[in-house]
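Analysis of the macromolecular model
Below are the chains, spelled out letter by letter.
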Amino acid sequence: MAVAPDTAADLVYRIFDLQRVVRCVAAASFRGQDTGVALQGVLRFVGEGESRATQLAERLGVSAPVLSRHIADLEEQGYVIRRQDPDDGRAQLVALSPEGADKLRKIEEHRTATLQDYLSDWSQEDAEDTARILTKLSESLKQSARAHAVPALSTAATAAATQTLQER
């Protein structure tokens, strides 16, 4: 059964509205912190496991120079470490430092508490239903993107993202 054009258009609007609201909430709740929303996103992906910067850039859907600046900022703050890739001396591997792991844990705890506060009028069932629907939407979009060869959703990136979702 196909989704009607009006429904798809409404869903696109709702998704973009949700993205905007999430960005505003994230920016407001972390104002004055040493890591902004963009750096927190990079920190989260680095926290999934040591990997090459090129792989991180692909997974994040950003250019290598943009990611390089973010990695440099996080490294300067002591949150990430780089080391030479033993399989390819030209490449570097990026991982969280112990301070970075602690920072990521604090960020995630803060985000969780903030969301719990904002959703205080929701039932547990509402939250679980929403998580299930968002997961279904995300998986459908990933499958379609893979079929259309969207680079940021390569097989490796999608597998890592799927594993992350399953661990939650």
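The rules we used
Residues numbered from 1 in each chain as written. Predicted model: local features only at pLDDT ≥ 70, side-chain atom pairs only at ≥ 80, totals over all residues. Heavy atoms only, no water. Helix = DSSP H or I, 4+ residues; strand = E, 2+ residues; numbered from the N terminus. Buried < 20%, exposed > 50% of the residue type's maximum accessible area, 1.4 Å probe, protein only. Contact = heavy atoms within 4.5 Å. Areas by Shrake-Rupley, 256 points an atom, 1.4 Å probe, with all protein chains shown as cover. Pairing = 2+ DSSP bridges. Axes fitted to C-alpha atoms, helices over the stretch in contact; angles between N-to-C directions. Patch = residues over 30% accessible without salt bridge, like charges linked within 9 Å, V, L, I, M, F, W, Y side chains within 5 Å. Salt bridge = Lys/Arg side-chain N within 4 Å of Asp/Glu carboxyl O. Lys, Arg positive; Asp, Glu negative; His and termini not counted. Charge placed at Lys NZ, Arg CZ, Asp CG, Glu CD. Parallel < 35°, antiparallel > 145°, perpendicular 65-115°, else oblique. Left-handed = near helix turned anticlockwise from the far one by under 90°. Nonpolar A, V, L, I, M, F, W, Y, C, P; charged D, E, K, R; others polar. Core = buried A, V, L, I, M, F, W, Y, C linked by side-chain atoms within 4.5 Å. Arc of directions from axis to C-beta.

- Taking an unreviewed UniProt entry as the reference, the chain is identified by name as MarR family transcriptional regulator belonging to Pseudarthrobacter humi.

**Brief notes about the overall build of the chain**
- Across its full length, the chain carries 7 helices and 3 strands.
- Seen in sequence order, the chain has helices and strands lined up from the N terminus as α-α-β-α-α-β-β-α-α-α.
- Looking at the chain as a whole, 23% of its 168 residues qualify as buried.
- Here the analysis covers contacts within the chain between residues at least 6 apart in sequence; of these, 54% occur between residues at least 24 apart.
- For the chain, the computed accessible surface area is about 11,400 Å², with 56% contributed by carbon and sulfur atoms.

**Points about the sheet that holds strand β3 (residues 88-96)**
- A sheet is described by the order of its strands in space; here 3 strands give the open sequence β1-β3-β2, paired in antiparallel fashion. Lying at the two open borders of the sheet, with one neighbouring strand each, are β1 (51-52) and β2 (80-85).
- Bridge count for β2 against β3 is 6 bridges, and the pairing is antiparallel. When the sheet's bridge partners are listed, Val80 is paired in β3 with Leu96.
- Here helix α4 (residues 64-76) sits on the sheet and contacts β2 and β3; the angle it forms with β2, its principal contact strand, is near 120°.

**Section: a negative patch on the surface**
- Taken together, the side chains of Asp121, Glu125, Asp126, Glu128 and Asp129 define an acidic patch exposed on the protein surface.
- Inspection of the secondary structure assignment puts Glu128 in helix α6 (residues 124-147).

**Details of the packing of helix α3 (residues 53-60) against α4**
- Running from N to C, α3 and α4 point in directions that differ by 110°, and their axes come no closer than 9 Å. By the angle class used here, α3 and α4 are roughly perpendicular. For α3 against α4, the interelement crossing comes out right-handed. Counting all contacts with α3, which are made through Ala53, Leu56, Ala57 and Leu60, the residues of α4 involved are Ala64, Leu67 and Ile71.
- For the contact of α3 with α4, the residue count by class is 7 nonpolar, no polar and no charged.

**Quick notes on the environment of Tyr79**
- Tracing the backbone through its elements, the reader meets Tyr79 in the loop between α4 and β2.
- What makes Tyr79 buried here is its relative accessible area of 10%.
- For the pair Tyr79 and Lys103, spaced 24 residues apart in the sequence, the C-alpha separation amounts to 7.5 Å.

**Side note on the nonpolar core**
- By size, the foremost hydrophobic cluster in this structure holds 16 residues, and its most contacted members are Leu43, Val46, Ile71, Leu74 and Val80.
- Of all the secondary-structure elements, those providing two or more residues to this core are α2 (37-46), α3, α4, β3 and α5 (98-118).
- Take this core: its biggest share by element is 4 residues, from α2.
- Ignoring anything within four residues of it in the chain, the contact list for Leu43 reads Leu74, Tyr79, Val80, Leu96, Gly100, Lys103, Leu104 and Ile107.

**Regarding α3**
- Inspection of α3 places Leu56, Ala57 and Arg59 among the buried residues, and these make up the whole buried set. Buried residues along α3 cover an arc of 165° about the axis, so they all sit on one side.
- Where α3 ends, the next residue or the one after it, Gly61, has phi of about 70°, a positive value.

**A word on the environment of Gly36**
- Along the chain, Gly36 turns up in the loop between α1 (5-29) and α2.
- On the basis of relative accessible area, Gly36 is assigned to the partly exposed category, the value being 36%.

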